Amino acid sequence: MTLYCAKEFYNDGRVHDDRLLYVAPNGENVFVPDGFAANQKLPLALFTESGHAMEASRHASIRGGTLNVEEFTPDPVIPVSEISWLVGRIHVSTTNEDLFDDFKRRSNKATPATVLEICAIALAYHRANQHLYRVFAF
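Notes on the structure in this doc start here. (Residues numbered from 1 in each chain as written. Predicted model: local features only at pLDDT ≥ 70, side-chain atom pairs only at ≥ 80, totals over all residues. Heavy atoms only, no water.)

Describing the layout of surface pockets
Okay, so step 1: Quantified by volume, the largest pocket comes out at close to 330 Å³.
Okay, so step 2: In terms of lining residues, the largest pocket is bounded by 18 residues, among which H52, A124, R127, A128 and H131 are the most central.
Okay, so step 3: Where the lining of the largest pocket is concerned, the elements lending two or more residues are β4 (46–47), α3 (80–88) and α5 (112–136).
Okay, so step 4: Ranked by the residues each element gives to the lining of the largest pocket, the list is headed by α5, at nine residues.
Okay, so step 5: Considered class by class, the residues forming the lining of the largest pocket number seven nonpolar, eight polar and three charged.
Okay, so step 6: Approximately 230 Å³ is the volume attributed to the second largest pocket.
Okay, so step 7: Surrounding the second largest pocket, 16 residues form its lining, A24, P25, P43, F100 and K104 being those nearest its centre.
Okay, so step 8: If you list the elements that add at least two residues to the lining of the second largest pocket, you get α4 (96–106) and α5.
Okay, so step 9: Take the lining of the second largest pocket: its biggest share by element is five residues, from α4.
Okay, so step 10: For the lining of the second largest pocket, the residue count by class is nine nonpolar, three polar and four charged. (1 Å grid on protein atoms, 1.4 Å probe; cavity = no way out; pocket = protein on both sides within 12 Å on 5 of 7 lines; lining within 4 Å. Points joined across faces, edges and corners; volume = space filled by probe spheres on them. Helix = DSSP H or I, 4+ residues; strand = E, 2+ residues; numbered from the N terminus. Nonpolar A, V, L, I, M, F, W, Y, C, P; charged D, E, K, R; others polar.)

And the structure:
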């Protein structure tokens, strides 16, 4: 399954500042500088559909920059299909915090940056499952 991330390009003539979309601790998507996101250990906001990524970026943009959605290429050491399989067995009502805790525990030998990427991928698949549940729930 293809994953997508969102980027905001901003240039007002004085400042050139491009930012990626991250997931804040409160669950909201926010555009923040990469250094801030790394310092705060924020996972990248990833999506399984480009339309969802664009919708989230429009909602999160407060500077009025140019928005772009691009395909995300995970680190080759990350077992994306295994993450998808594990997330498929997690209940859709599981909170983001519980999901993160589970994948942090499972990836205890990985670097902190890799753990954040694993959590971001897991969250993207979890959101997709939640969306499917809302669409097909009776």
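Back to the text.
Notes on the environment of G51
Okay, so step 1: Along the chain, G51 turns up in helix α2 (residues 50–60).
Okay, so step 2: C-alpha separation for the pair G51 and Y4, spaced 47 residues apart in sequence, amounts to 9.3 Å.

Quick notes on the side chain of R127
Okay, so step 1: Its location among the elements puts R127 in helix α5.
Okay, so step 2: Although R127 lies buried, it forms no salt bridge, and the closest oppositely charged side chain, E28, sits 8.6 Å away as judged by the N-O distance.
Okay, so step 3: Discounting chain neighbours no more than four positions away, the residues touching R127 are V23, G27, N29, L46 and F47. (Buried < 20%, exposed > 50% of the residue type's maximum accessible area, 1.4 Å probe, protein only. Lys, Arg positive; Asp, Glu negative; His and termini not counted. Salt bridge = Lys/Arg side-chain N within 4 Å of Asp/Glu carboxyl O. Contact = heavy atoms within 4.5 Å.)

A closer look at unusual backbone geometry
Okay, so step 1: At K41, a residue that is not glycine, the phi angle is positive and equals roughly 55 degrees.
Okay, so step 2: Along the chain, K41 turns up in the loop between α1 (34–40) and β4.
Okay, so step 3: Judged by relative accessible area, K41 falls into the exposed class, the value being 56%.

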